[in-house]
Amino acid sequence: MKILNYRLVIFILSIIFGVVFAMPSFLQSESGKKVSLGLDLQGGLHMLLGVQTDEAVTSKIKTIATSIKYFAEDEEILIEDLTFKDNIISFIVLDSDEITKVDTMLAEIQGLDIQKTDDLSYMISLQPAQIVLTKDLAVSQAVETIRNRLDQFGLAEPTVIRQGGEDIVVELPGIKTAADEKAARELISKPAHLELMEVDEDRADQVYTLTAAKAAEYGDIILESSDGSGTKYIVKEIPILDGSQVTDAQVAFDQANQPIISFVLNNSGAKIFGDFTGRSVGKRLAIVLDGKVYSAPNINERIGGGRGQISGGFTVVEAGNVAIALRSGALPASVKMLEKRSVGPSLGADSIKASMIALILGFILVIVFMVLYYGLAGIIANIALVTNIFILIAVMAMFGATLTLPGMAGIVLTVGMAVDANVIINERVRELLRQGLSIPKAIEDGYSNAMRAILDANITTLLVAVILYAYGTGPIKGFAVTISIGILASMLTAILGTHGIYETLLPRINKSKNLRLWFGIK
Amino acid sequence: MVWYKIMEIFKTNTIYNFMAKRLPFMMLSGIILISSLGLLMTKGLNFGIDFAGGTIVQVKYEQKAPIDKIRSILNASEEFSKASITEFGSPEEIIIRITGSSSDLNSDLGDTISALLIQTGKYEVRRVDIVGPKVGGELREKGLMALGLSLLVILIYVSFRFEWRFAVASIFALVHDVVIALGMISLFEVDVNLDILAAILTILGYSLNDTIIVFDRIREGVQKSHKTVLEDVVNESVSRTLSRTTLTSLTTFFVVVTLFIFGGEIIHGFAFTMLVGVAVGTYSSIFIAASFLVQLKFSVANFRVKEAEKLKRQKEKDKLRAMYEQGTV
């Protein structure tokens, strides 16, 4: 008796594959790749954030303005009317001899569109390609920054991935309480945009009378104090330094034992800071975080070493979060919440319990029915069905897929289609047996007759799944993946696998001739 | 013996004359279809926040939820005056729906509502979903696009594998099933969210599967049967696949019914849509898809002539190739 045939060998291999790779998921073990539960099933926070990329473009141009300002002061080139409006920097160089110097400096910055209205007046903006690049960079930077912050926040397995052009998906399965969630949201959204700005002492006395528009004419902006007292400061719009030059930030305590954040600047930042403070003794330096002035100390002497601190009535927790945000970098642009789904752990547990009970119960009903209706042929079909589920879970685990409620719907459809394939085959075999064909002939012809129908049905469904994958978002993509894997697995198990089992058992079936036991017919 | 009876529910080789009754069935389908369309146009679909945008807050109380009290508190505040409050699954649990959404990460409508409800008893906020208008719009657009493209691909594939009339008939059966399912969703005011979309897609898959399997039998009948009248071929094919159609639907029904009964409130809409879909899909693949094929005047004789020509061409090609390989050309 020939026990092994190629179909059976492939089937056994796929059973082994399915069982081995699906086990970690069924046991939810620590090691090995497994299918993790979606946030709708295990609870947690899911957010879709939109990066306001236009802001990144503005801030990029502002940075360029900062470096022009620094360059001019460093090289003692006199420039006038350095302003910044509608993403265009304009200024006038006073001495025509310095033009070449300025041009060389500007030539070093890539992607600039430089226009001169006359020999001395410059209008600088970004080239369109550079704008696209800046926006793209802003999103990937925002992803990086948010990931860093969440990692340092100490939550389990945060996921931060980019979706499409300007969106970011953040998933936090570790969130259990509303307070946790709030803290995480604040941490994510904090721009942490640190700017060191020069107080415009010439106009400091007019700070409460000047309008914003009037201040802008002088190249100034008016900022409020962080303490909510309504104190206002008038500062030069183009900052001396920004947070991109910060290398470290830690919580420290001042003499009064109040928490403060001390930060360290990188080398170039330290040089700029030292140069500025050396030049500006007697003036005030405004420390601005996210558009609010935290303090504006007098500059008494040149400050070298590139260290600074932010004080201003923080609690220890707040100071800690600001320090994390500064360390992990500023968000290049603010983020908006496009979608938020937060599921409490108890609800997730309820959902998974209910849907699992239902799925398993339904599954058992199908299995029992198949045996009652088809006898041993039903058992063979059930072996294929169970294997199918194992393979489905195994492949999903290998892809690192998550199981969501729509994913479960996909499994229902898959179970249905896998059963269907065997129903079609068995009905064909029965039909041929009733016509009086011999058992081996009935099985062979039954399979080949059923094949065409199953293939056509599966291929059309597969085509639809591919389209859903291409056009769907999140959960629909998951659904499409589940049914695609399920269909391919069912071809392997329900068609090839069961055929292999029949081939091996054929001599026995032939000998017993008990059609009722084997196929459920007289 | 009971077991024995169960095992051969469909033992008989009876051929039912489905096609003789095709006009009444098509009339019935037409009436349901038109009523469904009417419902969709007048009553419309109850889009949930996934598609329409908005906010949902699910709250579970330790005792029976004081809905009237909650309503009066929320209605008193300007922001939530239009909030709808409904029981969800059990008297302890409620869902608060607001049409607006906030895009600021630091202010959360869930927190705000939770703060307002503080006096209403002991409760737990179990779920807060906020969907901005952009997301919902995009989802709708992409969903429709996917649906349209799917139908087109099915049309092309089935035309290629069968014949264009089969393709048109299968698309008609699909549209028939989906529209009726949508009509029921409208009638029972089910919230249309992503899970309902998933259910509709699943129905699409099932219905297509069923139809193709019946059509495959018809194709086989056209090629092998001695009958030349399409109605007879169709009757024979549909009758032969009747056992399979019923069995598969039955097994699927088991799963969906258990989902409906035991799956919990959150999966209710999905299971309901599937129940309707499986029932309509089974009906349409037995009574409607093939009727439509007959109505489209598919000609068995013509098909056979074409098939014969195809075979002849293939043979000539093979002959030419053989000659070429032997070096005689």
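Residues numbered from 1 in each chain as written. Chains lettered and ligands numbered in written order. Predicted model: local features only at pLDDT ≥ 70, side-chain atom pairs only at ≥ 80, totals over all residues.

The next subject is the overall build of chain B. Broken down by element type, chain B carries 11 helices and six strands. In terms of C-alpha radius of gyration, chain B reaches 27 Å, well past the compact-globule figure of 20 Å for 329 residues. With respect to the three principal axes, the spread of C-alpha positions in chain B is 95 × 60 × 35 Å. Counting every position in chain B, which comprises 329 residues, the buried fraction comes to 46%. Across chain B, every contact between residues at least 6 apart in sequence was considered, and the portion connecting residues at least 24 apart equals 78%. (Helix = DSSP H or I, 4+ residues; strand = E, 2+ residues; numbered from the N terminus. Rg over C-alpha atoms; globule rule 2.2 N^0.38 Å. Buried ≥ 20, exposed ≤ 12 C-beta atoms within 10 Å, placed from the backbone. Contact = placed C-beta atoms within 7 Å.)

For the rest of this paragraph, the subject is the sheet that holds strand 17 (residues 307–310) of chain A. All names here are of chain A. Pairing within the open sheet is antiparallel, and its three strands lie in the order 13-14-17. At either end of the open sheet lies a strand with only one pairing partner, and these are strand 13 (246–253) and strand 17. Strand-to-strand twist of the sheet, defined as the mean angle between neighbouring strand axes without regard to direction, takes the value 25°. Packed on one face of the sheet, helix 9 (residues 316–327) meets strand 13 and strand 14 (259–265) and runs near 170° to strand 13. (Pairing = 2+ DSSP bridges. Axes fitted to C-alpha atoms, helices over the stretch in contact; angles between N-to-C directions.)

Attention shifts here to the confidence of the model for chain B. All names here are of chain B. Per-residue confidence for chain B averages 85 on the pLDDT scale, and 95% of its residues sit at or above 70. Between the elements of chain B, mean pLDDT differs from a low of 56, seen in helix 1 (residues 2–7), to a high of 93, seen in helix 2 (residues 22–42). Model confidence for the complex: the whole-complex pTM is 0.77, and ipTM, which rates the interface, is 0.80. (pLDDT = per-residue confidence, 0-100.)

With 64 residues of chain B in contact, the opposing surface of chain A contributes 66 residues. Looking at the side of chain B that touches chain A, the elements that each hand over two or more residues are helix 1, helix 5 (109–116), strand 5 (123–131), helix 6 (133–161), helix 8 (194–224) and helix 9 (230–262) of chain B. With 15 residues, the single largest contributor to the side of chain B that touches chain A is helix 8 of chain B. Tallied by class, the residues present in the side of chain B that touches chain A amount to 34 nonpolar, 16 polar and 14 charged. Looking at chain direction, strand 18 (residues 335–343) of chain A and strand 5 of chain B are connected through five bridges and run antiparallel. When the bridges of strand 5 of chain B are listed, serine 342 of chain A appears paired with valine 128 of chain B. (Nonpolar A, V, L, I, M, F, W, Y, C, P; charged D, E, K, R; others polar.)

The next thing to look at is the domain arrangement of chain B. With domains assigned, chain B is organised as domain 1 (15–46 + 135–298) and domain 2 (54–131). Averaged C-alpha coordinates put domain 1 of chain B and domain 2 of chain B at centres separated by 39 Å. (Domains from an automatic or database assignment.)

Looking now at the sheet that holds strand 8 (residues 167–172) of chain A. Strand order in the open sheet formed by eight strands is 7(A)-8(A)-2(A)-18(A)-5(B)-2(B)-4(B)-3(B), and the pairing between neighbours is antiparallel. Only two strands of the sheet have a single partner each, and these edge strands are strand 7 (159–163) of chain A together with strand 3 (84–88) of chain B. Strand-to-strand, the axes of this sheet are offset by a mean angle of 20°, without reference to chain direction. As judged from the six bridges shared by strand 2 (residues 54–61) of chain B and strand 4 (residues 90–98) of chain B, these two strands associate in the antiparallel manner. Opposite isoleucine 56 of chain B, over in strand 4 of chain B, you have arginine 97 of chain B as the bridge partner. Across the face of the sheet, helix 5 (residues 128–153) of chain A comes into contact with strand 2 (44–51), strand 7, strand 8 and strand 18 of chain A while running at roughly 170° to strand 7 of chain A.

Let us now look at the domain arrangement of chain A. What the domain assignment reports for chain A is domain 1 (6–42 + 344–519), domain 2 (54–130) and domain 3 (196–316). Each of domain 1 of chain A and domain 3 of chain A was reduced to a C-alpha centroid, and the two centroids are 66 Å apart.

What follows concerns the packing of helix 10 (residues 345–374) of chain A against helix 11 (residues 376–399) of chain A. Residue and element names in this part refer to chain A. One way to put it is that helix 10 packs onto helix 11 with a least axis distance of 6 Å and a crossing angle of 150°. Compared by their axis directions, helix 10 and helix 11 come out roughly antiparallel. Facing helix 10, whose interface residues are Ile367, Met370, Val371, Tyr373 and Tyr374, helix 11 presents Ala377, Gly378, Ile379, Ala381 and Asn382. When its residues are assigned to classes, the contact of helix 10 with helix 11 shows eight nonpolar, two polar and no charged. (Parallel < 35°, antiparallel > 145°, perpendicular 65-115°, else oblique.)

Another aspect to go through is the pairing of strand 13 of chain A. Residue and element names in this part refer to chain A. Looking at chain direction, strand 13 and strand 14 are connected through seven bridges and run antiparallel. Paired with phenylalanine 253 across the bridge in strand 14 is proline 259. Counted between consecutive antiparallel strands, the loop separating strand 13 from strand 14 contains five residues, among which asparagine 257 sits at a positive phi close to 65°.

Right, let's get into helix 5 of chain B. Residues and elements named next belong to chain B. Within the sequence span of helix 5, burial applies to Leu109, Gly110 and Ile113. All buried residues of helix 5 lie within an arc of 100° about the axis, which places them on one face of the element. On its buried face, helix 5 sits against strand 2, strand 4 and strand 5. (Arc of directions from axis to C-beta.)

We now examine unusual backbone geometry. Residues and elements named next belong to chain A. You will see that aspartate 86, though not glycine, has its phi angle at about 50°, which is positive. Along the chain, aspartate 86 falls in the loop between strand 3 (79–85) and strand 4 (88–93). Owing to 7 C-beta atoms within 10 Å, aspartate 86 belongs among the exposed residues under this scheme.

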